[in-house]
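Residue-level listing of the chains:
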Amino acid sequence: MLVETLTGVDSANNIVVVKTCAGMAQGACAAIDSMGRDDIVGSVAGDDTIIIVMRTNEAATILVSELREIIGKGRRPTLFSGKSSEVGGKAEYRLQNLH
């Protein structure tokens, strides 16, 4: 599922950069391409990064918002990071949101 592969998204002008889990960019890119958006000029996927060229800066901003919403729905549960700190004489593990 697309929601489980995306880890981040940002844009610069009309170019959108999408980060994915390692090895998942091509599948995620295919899913984005299949959305049938006419404001996407083209896309290229590597191992964990997708570059999407949009027709306008506004279209890029809209796509970033939509993908960030998808990422928000797919937040993974918080897990222990394995790093500890001493608080009140007790070791406490810091929690880390994995996304």
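Residues numbered from 1 in each chain as written. Predicted model: local features only at pLDDT ≥ 70, side-chain atom pairs only at ≥ 80, totals over all residues. Heavy atoms only, no water.

*Asks:* For this particular structure, what's the right way to read the overall build of the protein chain?
*Replies:* A count of helical and extended segments in the protein chain gives three helices and six strands. Counted from the first residue to the last, the protein chain has its helices and strands arranged as α-β-β-α-β-β-α-β-β. When each of the 99 residues of the protein chain is scored for burial, the buried share is 26%. (Helix = DSSP H or I, 4+ residues; strand = E, 2+ residues; numbered from the N terminus. Buried < 20%, exposed > 50% of the residue type's maximum accessible area, 1.4 Å probe, protein only.)

*Asks:* For this particular structure, what's the right way to read the pairing of strand β4 (residues 49-54)?
*Replies:* On any regular strand, side chains alternate: one points to one face of the sheet, the next to the other face. Of the two faces of β4, the one holding I50, I52 and M54 is buried and the one holding T49, I51 and V53 is not buried anywhere. The sheet contact formed by strand β2 (residues 15-20) and β4 spans five bridges and is antiparallel. From the neighbouring strand, V18 faces β4, where its bridge partner is I50. Here strand β3 (residues 40-45) runs beside β4; their pairing, made up of five bridges, is antiparallel. Pairing of G42 across the sheet is with V53, part of β4. Counting the residues between successive antiparallel strands, the hairpin from β3 to β4 contains three residues. (Pairing = 2+ DSSP bridges.)

*Asks:* I keep staring at the pattern of salt bridges and nothing clicks. Help me out?
*Replies:* Opposite charge on two side chains permits pairing when their charged atoms draw close. Evaluation of the coordinates by the stated rule reveals four salt bridges. A salt bridge links D39 to R37, with the shortest nitrogen-to-oxygen separation between them at 2.9 Å. For the pair formed by D39 and R37, the shared burial category is buried. It is possible to trace a salt-bridge network through shared partners that takes in R37, D39 and E66. (Salt bridge = Lys/Arg side-chain N within 4 Å of Asp/Glu carboxyl O.)

*Asks:* Explanation requested: the side chain of T5 in the structure shown.
*Replies:* By the element assignment, T5 lies in helix α1 (residues 2-5). Within the local environment of T5, its side chain forms a polar contact with the backbone oxygen of L2, the two atoms lying 3.0 Å apart. (Polar contact = N/O pair within 3.5 Å; in protein donor to acceptor, adjacent residues only side chain to side chain.)

*Asks:* Would you mind going over the environment of D10 with me for this structure?
*Replies:* Tracing the chain through its elements places D10 in strand β1 (residues 6-12). Taking relative accessible area as the criterion, D10 reaches 46% and is therefore assigned partly exposed. When the C-alpha atoms of D10 and V64 are compared, they prove to be 6.3 Å apart, with 54 residues separating the residues in sequence. D10 has contacts with I15, V16, V17, V64 and R68, leaving out every residue within four places of it along the chain. (Contact = heavy atoms within 4.5 Å.)

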